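Descriptive analysis of the structure
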Amino acid sequence: MKVFQTILREKVTETGKAVLPVIGIVLILCFSIAPISPGILMAFLVGAVFLMVGMILFSLGVEMSMTPMGERVGTCMTKTRKLWIMILMGFVLGFVITVSEPDLQVLAEQVPSVPNLILIIAVAVGVGIFLVVALLRMLFGIALPPMLVVFYLVVFALAFFVPDSFLAVAFDSGGVTTGPMTVPFIMALGVGIAAIRNDRHASDDSFGLVALCSIGPILAVLILGLIYHPESYEYVPDAMPEFSNSVELCHYFLEELPEYMKEMAISLLPIVLFFALFQVIFRLVPGRSLIKIGIGLAYTYVGLVLFLTGVNVGFSPAGNYLGQVLAALPYRWIIVPIGMLIGYFIVRAEPAVFVLTRQVEEITDGAISAGAMGLSLSIGVSVSLGLAMIRVLTGLSIFWFIIPGYAIALGLSFFVPKIFTAIAFDSGGVASGPMTATFLLPFAMGACSAVGGNIITDAFGVVAMVAMTPLITIQILGLVFRMRAAKVEKEEQEAYVSAFDGMGDMEIIEL
């Protein structure tokens, strides 16, 4: 019981540090230069409570259920020693968990020129194929950087033939489909598979699954864009909710809650069934551990329901309204530094970021700390929000940012330690989660509508930008790590040489 209380206290502290700065920034803006209506402010504060409680329960649940489930399934798949079984299971797993990802439903609604079912199946096939590619890379020890270069060259070659109105949504899809439900399981799957390998690069190769799985949706949506030739269309944002009193606000949250309960049940069910099948066939865990996993799944489910209700019902309207008000100011340029400040803190509130930073620290035995990872992600997302706001104000094409950004990221991959490249490209998919889709994207859309821009070409693409910049900042962290290690090694060698030179002849003979 004491251990549980300690862990719970730790989760509450982590969640508070992640969410309270964002709440503080929004409140300061509301009571200074960006006034918003009392109803939206009330919804934002209630949503913040939902979000914080949800994050605490989610992070507890992931440690108790999703992580051990993924690791055991990964280990079991590798132990079969049959390649065709691993390929089949990998594809089915990637397909099933992607179809159930709630953010994919949102993406499908944003592309009216392509039937929803066609888009969902295409994206799920893309993730399934690339999860198989990622598994094969781990099994055969194939280097990640050359694979990333080849696949992203294909992505950008296709992108030049897709209409601008479709381009930003296609790149957004890579971050959207690797959500809080799938990322913990996929990352734990990688750890489980790497555990079977005995070579010294096994831990390095345990990362990179999310990186490759993020490419599948982009390619799938771009190919659909070539097939369906979507034309430009006007995006009609949802109506802004208003509340005259607290009872109306309560009813609004209670009306929306069942929808997210249903969504999360649909999302969690395929993973549970997949694990249950493995449990029946291979007896992965004993009964006692199975009970713990069951409790953890309940925590995960309740946590995600509360989290998504909070961010969708409370945070999304506040983000949109705040963007409108700030961009309508005479000094609209202020939205750039404010966007950067919000981006710096908001990434820490992404549920999957908790999982990534903790797993990186554990796999590397503390060599890459959760704090260093968090700082690198915050800086990356801060820069991405600044660039996204510049896009909103100027209407520059996303190509002007995506092509140089990925060129730098792919170039760095050949000079940094392997593990940093894999972690960096995983971080891109992890950082662009539900907080980005439900607060930062509405924030950009509100600002875009205020300046009279094209929401489809100028506001969409925020998710893609958030997914891009961590690739650079975390690899820069890898360069710093490598230089420090080289400096320490050089100092040790110099100290050894000077000590050796200082010995007398008799001392050397004795040695």
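Residues numbered from 1 in each chain as written. Predicted model: local features only at pLDDT ≥ 70, side-chain atom pairs only at ≥ 80, totals over all residues. Heavy atoms only, no water.

1. A few points about the pattern of salt bridges
Threshold: In what follows, salt bridge is the name for a side-chain nitrogen of Lys or Arg lying within 4 Å of a carboxyl oxygen of Asp or Glu. Each helix corresponds to a stretch of at least 4 residues labelled H or I by DSSP, and each strand to a stretch of at least 2 residues labelled E; elements are numbered beginning at the N terminus. Using a 1.4 Å probe on the protein chains alone, a residue whose accessible area is under 20% of its type maximum counts as buried, one over 50% counts as exposed, and one in between counts as partly exposed.
Per the counting criterion, the structure on display carries four salt bridges. Residues R358 and E10 are paired through a salt bridge, measuring 3.3 Å at the closest nitrogen-oxygen approach. Linking R358 in helix α15 (residues 351-363) with E10 in helix α1 (residues 2-30), this pair joins segments that are 348 residues apart in sequence. On the accessibility criterion, E10 (36% relative accessible area) is partly exposed. Shared partners join several salt bridges into a network, and the residues in it are E10, K11, E14, E63 and R358.

2. Some details on the side chain of K11
Heads up, the condition is: Should any heavy atoms of two residues lie within 4.5 Å, those residues are counted as being in contact.
Here K11 lies in helix α1. Beyond its immediate sequence surroundings of up to four residues, K11 is in contact with I56, S59, L60, E63 and R358.

3. Looking at the environment of G452
Structurally, G452 is set in the loop between α19 (434-451) and α20 (455-459). Spatially, the C-alpha atom of G452 lies 9.5 Å from that of V392, the residues being 60 residues apart in sequence.

4. Observations concerning helix α6 (residues 144-159)
Here is the rule: By this rule, a helix spans an expected 1.5 Å times one less than how many residues it contains. The arc in question is traced by the directions running from the helix axis to the C-beta atoms.
Compared with an ideal rise of 1.5 Å per residue, which puts 16 residues at 22 Å, α6 spans 22 Å between its outermost C-alpha atoms and is within 8% of the ideal. Those residues of α6 not exposed but buried are L144, P145, M147, L148, F151, Y152, V155, F156, L158 and A159. One side of α6 carries all its buried residues, which in axial view fall inside an arc of 155 degrees. Facing away from the buried side of α6 by over 90 degrees, the exposed positions are V150 and L153. Packing partners of the buried residues in α6 comprise α5 (116-140), α7 (164-176), α10 (209-213), α11 (215-228), α17 (399-412) and α18 (418-431).

5. Describing the packing of helix α3 (residues 83-99) against helix α12 (residues 246-282)
What counts is decided by this rule: Inter-axis angles, ranging from 0 to 180 degrees, are taken between N-to-C directions of lines fitted to C-alpha atoms, where helices are fitted over the stretch in contact. In this scheme, roughly parallel covers angles under 35 degrees and roughly antiparallel covers those over 145, while 65 to 115 is roughly perpendicular and the rest are oblique. Ten residues, namely Ala, Val, Leu, Ile, Met, Phe, Trp, Tyr, Cys and Pro, are considered nonpolar, four, namely Asp, Glu, Lys and Arg, are considered charged, and the remaining ones, Gly among them, are considered polar.
Between α3 and α12, the least distance of the axes is 9 Å, while the angle of their chain directions is 155 degrees. The orientation of α3 relative to α12 falls into the category roughly antiparallel. When α3 is examined against α12, the residues M89, V92, L93, V96 and I97 are found in contact with a partner set consisting of P270, I271, F274 and F278. The residue makeup of the contact of α3 with α12, split by class, is nine nonpolar, no polar and no charged.

6. A few points about the environment of M340
Mapped onto the secondary structure, M340 falls in helix α14 (residues 335-346). Here M340 falls in the partly exposed class, since its relative accessible area comes to 30%. Among residues more than four places away in sequence, those in contact with M340 are S382, V383, L385 and G386.

7. Topic: the packing of aromatic side chains
Put simply, the test is: Under the pairing criterion, centres of Phe, Tyr and Trp rings, with the six-membered ring standing for Trp, must be within 6.5 Å; the plane angle then separates stacked pairs below 30 degrees from edge-to-face pairs above 60, leaving the rest tilted.
Overall, the coordinates contain 14 aromatic pairs when judged by the stated rule. Seen in terms of ring centroids, F130 and F151 are 4.9 Å apart; in terms of plane orientation they differ by 70 degrees. Their pairing is edge-to-face. Of this pair, F130 sits in helix α5 while F151 is found in helix α6, placing the two residues 21 residues apart along the sequence. Aromatic ring contacts, followed pair by pair, group Y152, F156, F171, Y406 and F425 into a single cluster.

8. Here's the deal with a negative patch on the surface
Counted only if it meets this: Two distance rules govern patches: like charges are joined within 9 Å, and nonpolar side chains (Val, Leu, Ile, Met, Phe, Trp, Tyr) within 5 Å, applied only to residues with over 30% relative accessible area and no salt bridge. Surface accessibility follows the Shrake-Rupley procedure with a 1.4 Å probe radius. Residue values consider only the protein chains on display as shielding. The charge count treats Lys and Arg as positive and Asp and Glu as negative. His and the chain ends do not count. In this description, the location of a charge corresponds to atom NZ of lysine, CZ of arginine, CG of aspartate or CD of glutamate.
Negative charge collects at one region of the surface, where E489, E491, E492 and E494 lie side by side. Tracing the chain through its elements places E494 in helix α21 (residues 462-501). The class for E494 is partly exposed, based on a relative accessible area of 47%.

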